[in-house]
Amino acid sequence: MTTGELNRGELKYEGKAKRVYATANPAEYIVEYKDDATAFNAQKRGTWEGKGQTNNAITAHLYPQLEAAGIPTHFIEKLDDRHQRVKAVVIVPVEVIVRNVAAGSFSKRLGIEEGTPLSRPVVEYCYKSDALGDPLINSDTAIALGWATQEDLKTIRELALKVRDFLTDYFAQRGVRLIDFKLEFGKLADGEIVLADEISPDTCRFWDATTNEKLDKDRFRRDLGGEAEAYAEMLRRVTTEV
Ligand SMILES: Nc1ncnc2c1ncn2[C@@H]1O[C@H](COP(=O)(O)OP(=O)(O)OP(=O)(O)O)[C@@H](O)[C@H]1O
Ligand SMILES: [Mg+2]
């Protein structure tokens, strides 16, 4: 298969926001970004035109820069508006949340007002299970249940903090406060841990640096309206040269 060609094979996984397809090369998948949005563990559903394209474009813009900053990722190339070619990985079933500022479930769980800055970044782990609502776990749980080894988690934590350093600065330069974000990591056939999945307004909280206006999926979650405009604005900011 020549590079850049959209030659999808069998559907491997369908999630709430993306589909993952096999390709002729067993080491590569094609990811398709859908226009669907879900929140609160898929209890709330929506869709808007341009969402898939926007998240695909934002992710495809950021991943090569993360690679250049020394973070190995699954990203190979953007194929078209909705598709990208990635390295096939086995996803580590641990969602990694990195927080700069209290918000969302952290604020709720601990009674800390949303918007309270944290004196150092906080890394949290959740078990990636829709059926259980992605419950919070700690590293002992992940190791004891065989979801990741101690070495895997050390690598994952280091990479997550490296991503945080890069992105926090990247967005600050574009007038955006990176409040928190969720990452997924996967294992290549040789065991190497790489950053997988997406980085987009679906998976990050972005607040405008001057107005604190929300520019992410909280617009949909909280019925604030203007989600399509906010995502488009984030694509514009992400692709701004500074
Ligand atoms: N390189 C990759 N190789 C294999 N699977 C991947 C890769 N990148 C992402 N995935 C997986 O693709 C699936 C579909 O993505 P999507 O964002 O739609 O999932 P989701 O509905 O949010 O569900 P989940 O809660 O499992 O993330 C996810 O399970 C994600 O972990
Ligand atoms: Mg997802």
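What you see is a predicted model; the values in this text were computed from it and never measured.

Draft legend 1. Representation of the site of ligand 1 within the structure. Surrounding ligand 1, one finds 18 residues, the nearest of these being K16, K18, H74, K128 and E184. Within the contact set of ligand 1, an oxygen atom lies 2.8 Å away from a backbone nitrogen or oxygen of A17. Contact between ligand 1 and K18: an oxygen atom at 2.5 Å from a side-chain N or O atom of the residue. Here ligand 1 has 600 Å² of accessible area as a free molecule, and 89% of this is covered by the chains. Looking at the shell around ligand 1, its residues break down into seven nonpolar, two polar and nine charged. Viewed by domain, the shell around ligand 1 spans two of them, domain 1 (11–89) and domain 2 (91–230), each represented by three or more residues.

Draft legend 2. Local environment of the packing of aromatic side chains. Following the criterion strictly, the structure yields eight aromatic pairs and no others. Arranged with centres 6.5 Å apart and planes meeting at 80°, the rings of Y13 and Y29 form a pair that is edge-to-face. Here Y13 is found in strand β1 (residues 11–14), whereas its partner Y29 is found in strand β3 (residues 28–33), with 16 residues between them in sequence. Summarising the aromatic geometry, the rings of Y63 and F75 are spaced 6.4 Å apart at their centres and angled 55° between planes, so their arrangement reads as tilted. You can see Y63 sitting in helix α1 (residues 51–68) and its partner F75 sitting in strand β6 (residues 75–78), a full twelve residues away along the chain. Given a relative accessible area of 12%, F75 falls into the buried group. Linked through ring pairs, F166, Y170, F171 and F206 together constitute an aromatic cluster. Directly above the aromatic system of Y21 lies the positively charged group of R8, at a separation of 4.3 Å from the ring centroid.

About the thresholds
- Residues numbered from 1 in each chain as written.
- Chains lettered and ligands numbered in written order.
- Predicted model: local features only at pLDDT ≥ 70, side-chain atom pairs only at ≥ 80, totals over all residues.
- Heavy atoms only, no water.
- Near = heavy atom within 4 Å.
- Polar contact = N/O pair within 3.5 Å; in protein donor to acceptor, adjacent residues only side chain to side chain.
- Areas by Shrake-Rupley, 256 points an atom, 1.4 Å probe, with all protein chains shown as cover.
- Nonpolar A, V, L, I, M, F, W, Y, C, P; charged D, E, K, R; others polar.
- Domains from an automatic or database assignment.
- Phe/Tyr/Trp six-rings, centres within 6.5 Å; stacked < 30°, edge-to-face > 60°.
- Helix = DSSP H or I, 4+ residues; strand = E, 2+ residues; numbered from the N terminus.
- Buried < 20%, exposed > 50% of the residue type's maximum accessible area, 1.4 Å probe, protein only.
- Lys NZ or Arg CZ within 6 Å of the ring centre and 35° of its normal.

Everything listed here is a matter of coordinates, which is why it stays silent on function.
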